[in-house]
Amino acid sequence: VLEDSAQRGLAHLVEHMAFSGTQHFARQELVNYLETTGVRFGADLNASTSFDETVYQLTVPTDSAPLLATGVQILEDWAHGITFDTAELGRERGVVTEEWRLGRGAGQRIRDKQFPVLFAGSRYARRIPIGDVHVIATAPRSELVRFYRDWYRPDLMAVVAVGDFDKSRVEQLIRQHFSALAEPPSPRVRPTYPVPDHDSTLVSVVTDPEATTSGVAMYFLQPVRSDSTIADYRQALVSALYDGMLNERFDEITQRPNAPFLAAGSSQGRLIRSKDVYVLSALVKDGGIATGFAALLTEAKRVEEHGFTSTELQREKENLSREIERAYDERDKTGSDAFVSEYVSNFLEGGSIPSAAQEWDLTRALLPGITVDEVNALARSWLGGRSRVITASAPQRDTAEIPSAATLKAVADSVGRTTVAAYVDSAANAPLVSHVPAPGKVVSERHLASVGVTEWTLANGAHVYLKPTD
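Keep in mind the model is a prediction, meaning the values are calculated, not measured.

### So, the overall build of the protein
- Per the secondary structure count, the protein includes 15 helices and 10 strands.
- Among the 470 residues that make up the protein, the fraction classed as buried is 40%.
- Sequence-distant contacts, at least 24 apart, represent 78% of the contacts inside the protein between residues at least 6 apart.
- Carbon and sulfur atoms form 52% of the exposed surface of the protein, whose accessible area is close to 24800 Å².

As structure tokens, then:
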């Protein structure tokens, strides 16, 4: 989104050039060196460019001080030492162009057509990350260098390090390699670009010859939501309960014979830095977009009109509580990449970073006080008539019925005028077994000390192997 008109696609091309020659690693030496140490390109060595940022990921062994130090040196080279070798630039232009032509697949081609509608009226609509193939092929080297100098600078950077290492040693390495990075004398302002709200319902219907599924979604654009206080965390719990209960209803529908969709979902979150979004989406059978869309919106309308039931809320509270408790119980087994993801999100979007223990404490304190009326109020605030975008995609086949944009708008308007019956919670509260049978007996017991297992033989001949773990 920071690219000038003559730079569309160069953010992505700069990312490619980071692997094709830096101050300390000429051309392919960087990838070749890391692969000799066991680092795998793609899995451990990777990068991604999105609308708002480029993130470089490097996984290195932490039991080797030289490899760890070299890893930080590579990060520094990426930060201000890319050489933009002319021969390598020509090769990477071809790589990115081929990626644009073939490597993205149907999903990316569909998104490239949907994004200008989803981001209508904003700079994002004209700054698809893959860029403009003509610019990628012809932009002079000086434009890449200018983009690199303008936006790869210390006040816009963060280094995240997670692993089984000596923290003071890693901090020393980072200071050693990054303290000398110079701020430009007149740095460009890094703007935040808005996505404007709109009164109309925008629609994108896309087909692709390589698409394998049909889907439809309704987006409700929202202002960015704060995520820094205990009150914000409580509101996130309310949202999670809403999504959980509506998704349970969707799952229930998919179990019916001739269900109108194969799967459906409700979710809320960050779309890009300047916009949040609430999304209702469904995967449907080919030719079933209109029918699935109507069913999707009807269930949302049912919640908007009648809300959820207290029994649904109680079940979902138990589900959510178990989920967060499980994360707390498994907190010592959390992988480094999970921490990295949270820290990167904190830097880029300002999100809070509660520990598993803090989340469990907050959940136990806040969850019991959330009422069904609070959750029901979300439907009335999220399912408004403004800033709506409908997207539909399907395989490009003559036999499939692909509804027009006008048809999908008519479906949404029709459901909006329909009165729907309240949901009946038919979940059984009876015990799984009405009459508990008489217990059997353990007739023998054997201990397998070498593996910490106890074997029981039951009176009916069944064998039970018991291994307690923490």
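### Things to note about the sheet that holds strand E9 (residues 453-458)
- Strands sit in the order E8-E9-E10 across an open sheet of 3 strands; the sheet is antiparallel. Strand pairing shows two members of the sheet lacking a second neighbour, strand E8 (442-448) and strand E10 (463-466), which therefore form its edges. Ignoring which end each strand starts from, the neighbouring axes of this sheet average 20° apart.
- Pairing geometry for E8 and E9, over 6 bridges, is antiparallel. In the sheet register, glutamate 445 faces E9, and the bridge partner there is tryptophan 456.

### What about the pairing of E10?
- Two elements, E9 and E10, share 4 bridges in a ladder whose sense is antiparallel. Within E10, the residue paired with glutamate 455 across the bridge is tyrosine 465.
- If you look at the hairpin formed by E9 and E10, you'll find 4 residues sitting between the two strands, and glycine 461 has a positive phi there, around 95°.

### Side note on the environment of glutamate 143
- Relative to the helices and strands, glutamate 143 resides in helix H7 (residues 141-151).
- Overall, the relative accessible area of 16% leaves glutamate 143 in the buried class.
- Each C-alpha atom of the pair glutamate 143 and leucine 67 lies 34 Å from the other, and the pair is 76 residues apart in sequence.
- Setting aside residues no more than four positions away along its own chain, glutamate 143 makes contact with Ala6, Gln7 and Leu10.
- Here the side chain of glutamate 143 touches arginine 146 through a polar contact of 2.7 Å, side chain to side chain.

### Some remarks on the nonpolar core
- Phe19, Leu30, Leu45, Trp78 and Phe119 are the most contacted members of the largest nonpolar core, which totals 49 residues.
- Counting 47 residues, the second-largest nonpolar core is a separate cluster that includes Met245, Leu246, Ala295 and Ala392.

### As for the packing of aromatic side chains
- What the rule picks out here adds up to 18 aromatic pairs.
- Judged by centre distance (5.1 Å) and plane angle (70°), the rings of phenylalanine 51 and phenylalanine 119 are edge-to-face. Highlighted residues: phenylalanine 51 in the loop between strand E1 (45-49) and strand E2 (54-58) and phenylalanine 119 in the loop between helix H5 (105-118) and helix H6 (133-138), separated in sequence by 68 residues.
- Judged by centre distance (5.6 Å) and plane angle (85°), the rings of tyrosine 242 and phenylalanine 308 are edge-to-face. Highlighted residues: tyrosine 242 in helix H9 (residues 230-254) and phenylalanine 308 in the loop between helix H10 (289-306) and helix H11 (310-329), separated in sequence by 66 residues.

### Quick word on unusual backbone geometry
- The phi dihedral of phenylalanine 84 falls on the positive side, at around 55°, and the residue is not glycine.
- On the accessibility criterion, phenylalanine 84 (2% relative accessible area) is buried.
- For serine 387, which is not glycine, the phi torsion reads 50° and is therefore positive.
- Mapped onto the elements of the fold, serine 387 is located in the loop between helix H14 (372-382) and strand E7 (388-395).

### As for the layout of surface pockets
- If you add up the space inside the second largest pocket, you get close to 1300 Å³.
- Contributing to the lining of the second largest pocket are 44 residues, with Asp227, Tyr233, Ser352, Pro354 and Glu359 lying nearest its centre.
- Listing elements by their share of the lining of the second largest pocket, those giving two or more residues are H9, strand E5 (263-272), H11, helix H12 (336-349) and helix H13 (356-366).
- Among the elements that make up the lining of the second largest pocket, the one with the highest residue count is H9 (9 residues).

### Notes on the pattern of salt bridges
- In total, this model carries 26 salt bridges according to the counting rule given.
- For the salt bridge of aspartate 4 with arginine 188, the shortest nitrogen-to-oxygen distance reads 3.2 Å. Residue aspartate 4 is located in the segment before helix H1 (10-17), and its partner arginine 188 is located in the loop between helix H8 (167-178) and strand E3 (201-208); the two are separated by 184 residues in the primary sequence.
- Given the relative accessible area of 31%, arginine 188 is considered partly exposed.
- For aspartate 276, the salt bridge identified is with arginine 270, shortest N-O distance 2.6 Å.
- Assessed through its relative accessible area of 3%, aspartate 276 is described here as buried.
- Connected through salt bridges with shared partners, the residues Asp4, Glu143, Arg146, Asp150 and Arg188 form a single ionic network.

The rules we used
Residues numbered from 1 in each chain as written. Predicted model: local features only at pLDDT ≥ 70, side-chain atom pairs only at ≥ 80, totals over all residues. Heavy atoms only, no water. Helix = DSSP H or I, 4+ residues; strand = E, 2+ residues; numbered from the N terminus. Buried < 20%, exposed > 50% of the residue type's maximum accessible area, 1.4 Å probe, protein only. Contact = heavy atoms within 4.5 Å. Areas by Shrake-Rupley, 256 points an atom, 1.4 Å probe, with all protein chains shown as cover. Pairing = 2+ DSSP bridges. Axes fitted to C-alpha atoms, helices over the stretch in contact; angles between N-to-C directions. Polar contact = N/O pair within 3.5 Å; in protein donor to acceptor, adjacent residues only side chain to side chain. Core = buried A, V, L, I, M, F, W, Y, C linked by side-chain atoms within 4.5 Å. Phe/Tyr/Trp six-rings, centres within 6.5 Å; stacked < 30°, edge-to-face > 60°. 1 Å grid on protein atoms, 1.4 Å probe; cavity = no way out; pocket = protein on both sides within 12 Å on 5 of 7 lines; lining within 4 Å. Points joined across faces, edges and corners; volume = space filled by probe spheres on them. Salt bridge = Lys/Arg side-chain N within 4 Å of Asp/Glu carboxyl O.

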